[in-house]
Amino acid sequence: MSAVENQYTTYTTYMTSTTEEYMTQENEWDRDLLLEPAWEKQQLKTSVTPQSHPLSVSLARIHCQIQIRTFSAWCNSHLRKAGTQIENIEEDFRNGLKLMLLLEVISGERLPRPDRGKMRFHKIANVNKALEFICSKGVKLVSIGAEEIVDGNVKMTLGMIWTIILRFAIQGISVEETSAKDGLLLWCQRKTAPYRNVNVQNFHISWKDGLALCALIHRHRPDLIDYKKLRKDDPIGNLNTAFEVAEKFLDIPRMLDAEDIVNTHKPDEKAIMTYVSCFYHAFAGAEQAETAANRICRVLAVNQENERLMQEYEKLASELLEWIRRTVPWLENRVAEQSMGAMQRRLEDFRDYRRVHWPPRAQDKRQLEISFNTLQTKLRLSNRPAFMPSEGKMVSDIANAWKGLEQVEKGYEDWLVMEILRLERVEHLAEKFKQKCALHEAWTAGKEEVLTQRDFEHASLAEVRILVRKHEAFESDLTAHQDRLEQIASIAQELNELDYHDAAAINARCQGFCDQWDNLGTLTQKRRDSLERTEKLLETIDQLYLEFAKRAAPFNNWMDGAMEDLQDMFIVHSIEEIQILITAHDQFKATLPEADKERMATMGIHSEILKIAQTYGIKLPGVNPYTDLTPQDLSSKWEAVRCQIPHRDQVLQEEMARQQANERLRCQFAAQANVIGPWIQTKMKEIVHISVDIAGSLEEQMNNLKQYEHDIANYKSSIDNLEGDHQLSQMSLVFDNKHTSYTMEHVRVGWEQLLSTTTHSINEIENQILTRDAKGISQEQLNEFRASFNHFDRKRHGMMEPDDFRACLISMGYDLGEVEFARIMTLVDANDVGAVTFQAFIDFMTQEAAETDTAEQVMASFKILASDKMYITVDELRRELPPEQAEYCISHMTKYLASDAPPGALDYISFSSALYGESDL
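Sequence positions are assigned chain by chain, starting from 1 and proceeding in written order. Local features in a predicted model are, by the rule used here, given only for residues with pLDDT of at least 70; side-chain atom pairs are given and counted only at 80 or more, and totals for whole chains, interfaces and linings are based on all residues. Hydrogens are left out, water is left out, and the side-chain values use all remaining heavy atoms of the structure.

1. Brief notes about the overall build of the protein
When you go through the protein residue by residue, the secondary structure sums to 33 helices and six strands. Per-residue burial over the protein gives 45% buried out of 921 residues. Looking at the protein as shown, the accessible area adds up to about 47,400 Å², and 52% of this sits on carbon and sulfur atoms. Note on conventions: DSSP H or I runs of at least 4 residues are helices, E runs of at least 2 residues are strands, and numbering of each starts at the N terminus. To sort residues, take the accessible area from a 1.4 Å probe on protein chains only and compare it with the maximum for the residue type: under 20% means buried, over 50% means exposed, and anything in between is partly exposed. For the accessible areas, the method is Shrake-Rupley and the probe is 1.4 Å, while residue cover comes only from the protein chains on display.

Below you can see the structure in the form of structure tokens.
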């Protein structure tokens, strides 16, 4: 059944019940009057007072008299349009002529031609024509016949007039889906709600003090009544004021007497309804303007809110992009510092950036995406065009900028770590280079002066032999020292490869050593040649001194090498590496017995020299002619080597303890990372499952996602603990971990993806709820949409590709051609990303059922406010609209350009089109 048929049925039922109620009440009045004595009836006719008996008869009689006056005035307000009126409602309708005339005036239709005769049957015929016309309007007359009207039955006459009033004066009243009496009562309540001492609940006692009538007049015409001066304790004055103003300025005749209303316990409802309905019709034009103004206010409020959201998006997007623009050059700076401390400070700056500056900006990025999606949803629901941010500020632009920031950030952190490792290695090598250079310089000191001596020219044979042997020992030492020089050159080469900042000084020093070494080689060869020539002249050489020198020199070099190894600095990064050094040290200690045997053998040679000298009484020179080494030198160096061994043991064990502590840090980090990583992956899968699951309502899905969001927020402490372990590892220069495949960066990325997925899923459900509520979609429909979407989302990534979307539409009965499908794709994929989201799918499926304001409706509303003109003035806008909306329209409307337009006329047509994107504001 249509809405019109429903309203017609309701009205017919109401009219029938009202007529029956009226006649039943009138019959009760008659029955009570028949039971009274004659003298009481007479008294009732002459004086109606509260003391009359019974009280119901007195009240009924008063109501009857009030209805006669009210209905007579109402009839005359219409009959005067035809140039006539009635004097006595009981008598003047008996012939049916004025009754037919009254119906023609209030209906605007012609009735059949009346009979002009004065006989009773002529009168009955005319009254029947009037009653038949009333019945043709859907009114069912109960117990009202033409004979009773012709006979002057006042009850029947009043009942008939009340039926006419209901049909032609009250039936057409409609306020918010209520009509007739309820609609009129709701209208009165709405209009008088702001006024003090007014509470309209009915059509009898709520009107006794007269304030309700004065409030109705003041609400529409505040210039006619000063409401603040009215008093509740002066009901007669209030009523007379309302009656006089209505009659004088509103063309509403005086239908009631103030005394009848005030002195009656319960005023007559029908009389007051009749009178109040005249106010409704008098102010109908103002109601239409108010409705139009309300529509404009609603549309403008939506537009202002959308503009605010757009400005907030633009501001936040500009700030985020500006921050990224400032941050990227800082992260792209790859100019290395020259010291380890400076690089560690840069690493601390980066950690501070990750802890303090980066998280709020990540939140801004997520908020931008949420604000953009919410704004687009609101624009679709209010039939506005989609929001297009300024150039370079699209969500995709921000995502690309953020992706570039993350890439630069990851490369920056890797570079810092590698640079710190490089500087650590460089500083170690530089210190080692200085140590070896100092040893080399100490060894080469004075060697050139010795090699250039000409002492052999005046030496004895023994002395020459000594010089020859001594020179051979020097050559052995020179050959042994070749390895040390090669080590210095190797360290210099590595420092150059590692881009050491003072590489020039290193190269110059190394080149000086090489040049000096070449010169030593040349000088050594020259001296050997000279000694060999002299040696031919000298034949005796002390073999024992020579033997001592030959054995003492290598042993001395071995002890120098051993001391150098024992004092050598090292750098390791694992237990295995330090264990290798400890093993090498243990192997060195295992060679000590053999070395001691060599020492004893060398010392034995010297003992043999002393023994021979003592045996044969040979005077020995003060020193060995073949070497500067003495037994005391060998003994002191041997004791120094033995004393250095425990110190080396202690250093190696301390380094082993440090590496074991680092290993514990690795295990501690891995234990947490191996739990947190799978937890994040599991939560990600569960949230994605909830987003595509069709079981339960959207509110249940929202509650589940909120619970997951709460659980994830509570899990943040675990992430922070892992960050703390990671920071401890970084401070200990631990950068690798073989116990887990999860790095801190993996966990950070996974955590951010989990937060983004959760926030996006909640926002998607909120938009679905907003769409469902705004467009009246049931939960079953949403489930069907989700089932269809999931079925055709073949890759299960939350979006349908164009081919899947086409298959979905065809399965739902759409006859698609290429042009039509391309048009639909522009609706569901406005950003041309090549996929259809679930929200866009719902919008498409429900867009034809949406009931939203249109540009044409807004134009029509402005036209009402402008009194059907093609332009509107500033005064009209300020009179009909609230101040804020009026000033908004004045500032945004363009001038109306026409020759007949008055100054200041505004073009509301182009303004209405601009609100819906059909032109530019």
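2. Regarding empty space enclosed by the protein
Cavities and pockets were defined on a 1 Å grid built from protein atoms only: a cavity is a group of points that admits a 1.4 Å probe but offers it no way out, a pocket is an open group of points flanked by protein on both sides within 12 Å along at least five of seven lines, and a lining residue is one with an atom within 4 Å of any such point. Grid points are joined across faces, edges and corners, and a volume is the space filled by probe spheres set on the points. Scanning all chains against the criterion turns up three cavities of 30 Å³ or more. In this model, the largest cavity occupies a volume close to 50 Å³. Leu 698, Gln 701, Gln 768, Gln 779, Leu 782, Asn 783, Arg 786 and Phe 838 are the residues that line the largest cavity. Counting only elements with at least two residues in the lining of the largest cavity, the list comes to α23 (698-714) and α26 (779-792). In terms of residue count, the dominant contributor to the lining of the largest cavity is α26 (four residues). Three classes are used: nonpolar for Ala, Val, Leu, Ile, Met, Phe, Trp, Tyr, Cys and Pro, charged for Asp, Glu, Lys and Arg, and polar for all others, with Gly counted as polar. Across the lining of the largest cavity, the residue classes tally to three nonpolar, four polar and one charged.

3. So, the pattern of salt bridges
Side chains that differ in sign of charge can pair as their charged atoms come close. By definition, a salt bridge exists where a carboxyl oxygen of Asp or Glu is found within 4 Å of a side-chain nitrogen of Lys or Arg. Enumeration according to the criterion identifies 47 salt bridges in this entry. We note a salt bridge from Arg 666 to Asp 736, for which the minimum N-O separation is 3.3 Å. Here Asp 736 lies in the loop between α24 (716-731) and α25 (744-775) and Arg 666 lies in helix α22 (residues 631-692), a separation of 70 residues in the sequence. Note on Arg 666: relative accessible area 6%, which makes it buried. One network of salt bridges, in which partners are shared, links Arg 69, Asp 257 and Asp 260.

4. Observations concerning the layout of surface pockets
It is a probe the size of a water molecule, rolled over the atoms, that shows where empty space is left. Put simply, the second largest pocket is a space of about 860 Å³. Lining the second largest pocket are 35 residues; nearest its centre among them are Trp 443, Lys 447, Asp 477, Asn 556 and Asp 628. For the lining of the second largest pocket, the elements supplying multiple residues, two or more each, are α15 (395-444), α16 (447-451), α17 (461-497), α19 (543-567) and α22. Per-class residue counts for the lining of the second largest pocket are 16 nonpolar, nine polar and 10 charged.

5. Focus: the confidence of the model for the protein
pLDDT measures how confident the predictor is about each residue, on a scale from 0 to 100. Of all residues in the protein, 86% attain a pLDDT of 70 or more, and the chain-wide mean is 79. Below pLDDT 50 for its whole length, residues 537-541 participates in 15 contacts with residues either more than four positions away or in separate chains. Contacts are assigned to residue pairs with any non-hydrogen atoms lying within 4.5 Å of each other.

6. A look at the packing of α26 against helix α29 (residues 838-846)
At a minimum axis distance of 11 Å, the contact between α26 and α29 shows a crossing angle of 125 degrees. In terms of orientation, α26 and α29 fall into the oblique class. Handedness of the α26/α29 crossing: right-handed. Side by side, α26 and α29 meet where Leu 782, Phe 785, Arg 786 and Phe 789 of the first sit next to Phe 838, Phe 841, Ile 842, Met 845 and Thr 846 of the second. In terms of residue class, the contact of α26 with α29 is built from seven nonpolar, one polar and one charged. To get an axis, a line is fitted to the C-alpha atoms, and for a helix only the part in contact is used. The angle between two axes follows their N-to-C directions and goes from 0 to 180 degrees. Orientation categories follow fixed angle ranges, with anything under 35 degrees roughly parallel, anything over 145 roughly antiparallel, 65 to 115 roughly perpendicular, and all other angles oblique. A crossing counts as left-handed when the near helix is turned anticlockwise from the far one by less than a right angle, and as right-handed when that turn is clockwise.

7. A word on the packing of aromatic side chains
The description of an aromatic ring pair rests on the distance of the ring centres and on the angle between the ring planes. Centre distance within 6.5 Å is the pairing criterion for rings of Phe, Tyr and Trp, where only the six-membered ring of Trp is used; planes under 30 degrees apart are then read as stacked, over 60 as edge-to-face, and the remainder as tilted. With the rule as written, the count across this model stands at 20 aromatic pairs. On the numbers, 6.1 Å between centres and 10 degrees between planes, the contact of Phe 71 with Trp 162 is stacked. Separated by 91 residues along the polypeptide, Phe 71 in helix α3 (residues 55-79) and Trp 162 in helix α7 (residues 154-170) bring together distant segments of the chain. According to the relative accessible area criterion, Phe 71 is buried, its value standing at 0%. Both rings, one in Tyr 195 and one in Tyr 227, keep their centres 4.9 Å apart while their planes meet at 70 degrees; by these two values the pair is edge-to-face. One end of the pair, Tyr 195, is in the loop between α8 (180-192) and α9 (211-220); the other, Tyr 227, is in the loop between α9 and α10 (235-249), and 32 residues separate them in sequence. Across the pair, Tyr 227 and Tyr 195 agree in class, each one buried. Pairwise contacts between aromatic rings join Phe 243, Tyr 275, Phe 279 and Phe 283 into one cluster. Here Arg 167 stacks its cationic end above the ring of Phe 168, 5.0 Å away from the centre of that ring. Whether a charge sits over a ring depends on NZ of Lys or CZ of Arg being within 6 Å of the ring centre and within 35 degrees of the ring normal.

8. Concerning the environment of Val 245
Here Val 245 lies in helix α10. Once the C-alpha coordinates of Val 245 and Ile 217 are considered, the two residues, 28 residues apart in sequence, prove to be 8.4 Å apart. Here Val 245 is in contact with Ile 217, Leu 224, Ile 225 and Leu 250, once residues within four sequence places are set aside.

9. Considering unusual backbone geometry
One can expect most non-glycine residues to show negative phi and most peptide bonds to be in trans. Of note in this structure, Ser 867 is not a glycine but carries a positive phi near 60 degrees. Tracing the backbone shows Ser 867 in the loop between α30 (855-865) and α31 (874-880). What makes Ser 867 exposed here is its relative accessible area of 54%. With a phi close to 70 degrees, Asp 868 is a non-glycine residue in the positive phi region. Within the secondary structure layout, Asp 868 lies in the loop between α30 and α31.

10. Overview of the environment of Lys 228
Of note, Lys 228 is situated in the loop between α9 and α10. Note: C-alpha distance between Lys 228 and Arg 196 (32 residues apart in sequence) is 9.5 Å.

11. Overview of the side chain of His 471
Tracing the sequence through the fold places His 471 in helix α17. A relative accessible area of 4% means that His 471 is categorised as buried.

12. Here's the deal with the packing of α8 against α9
α9 packs onto α8 with a crossing angle of 70 degrees between their chain directions and a minimal axis gap of 9 Å. When the interaxial angle is binned, α8 and α9 end up roughly perpendicular. Taken as a pair, α8 and α9 cross one another with a handedness that is left-handed. Contacts between α8 and α9 involve Trp 187, Cys 188, Arg 190, Lys 191 and Thr 192 from the former and Ala 212, Ala 215, Leu 216, Arg 219 and His 220 from the latter. Of the residues assigned to the contact of α8 with α9, the class counts are five nonpolar, two polar and three charged.

13. Some thoughts on the side chain of Gln 67
By the secondary structure assignment, Gln 67 is in helix α3. At 2.7 Å, the side chain of Gln 67 forms a polar contact with the side chain of Asp 268. Any pair of nitrogen or oxygen atoms within 3.5 Å is treated as a polar contact; in protein, a donor-acceptor pairing is required on top of that, and neighbouring residues in sequence qualify only through side-chain atoms on both sides.

14. Regarding helix α20 (residues 575-590)
The first and last C-alpha atoms of α20 sit 22 Å apart over 16 residues, in line with the 22 Å expected at 1.5 Å per residue. Turning to α20, its buried residues are Ile 578, Ile 582, His 585 and Phe 588. Across the axial projection of α20, the buried residues extend over an arc of 115 degrees, all falling on one side. More than 90 degrees from the buried face of α20, the exposed residues found are Ile 580, Gln 587 and Ala 590. A helix's residues, less one, multiplied by 1.5 Å, set its expected span. What the arc measures is the spread of directions leading from the helix axis to the C-beta atoms.

15. Things to note about the nonpolar core
Ranked by size, the top nonpolar core spans 85 residues in total, and within it Trp 74 and Trp 207 carry the most contacts. A total of 11 residues in this core trace back to one element, the largest contributor, which is α7. Among residues more than four places away in sequence, those in contact with Trp 74 are Leu 102, Ile 106, Ile 164, Ile 165, Ala 169, Met 255, Thr 274 and Cys 278. Definition of nonpolar core: a set of buried residues of the types Ala, Val, Leu, Ile, Met, Phe, Trp, Tyr and Cys, connected through side-chain atoms within 4.5 Å. Within the second largest apolar cluster, 44 residues are counted, among which are Ile 680, Leu 698, Tyr 742 and Cys 808.

16. Notes on the environment of Arg 110
Along the chain, Arg 110 falls in the loop between α4 (97-107) and α5 (120-136). A residue is classified by how much of its surface remains accessible, and Arg 110, at 74% relative accessible area, is exposed. Arg 110 sits 10 residues away from Met 100 along the chain, and the two C-alpha atoms are 9.1 Å apart.

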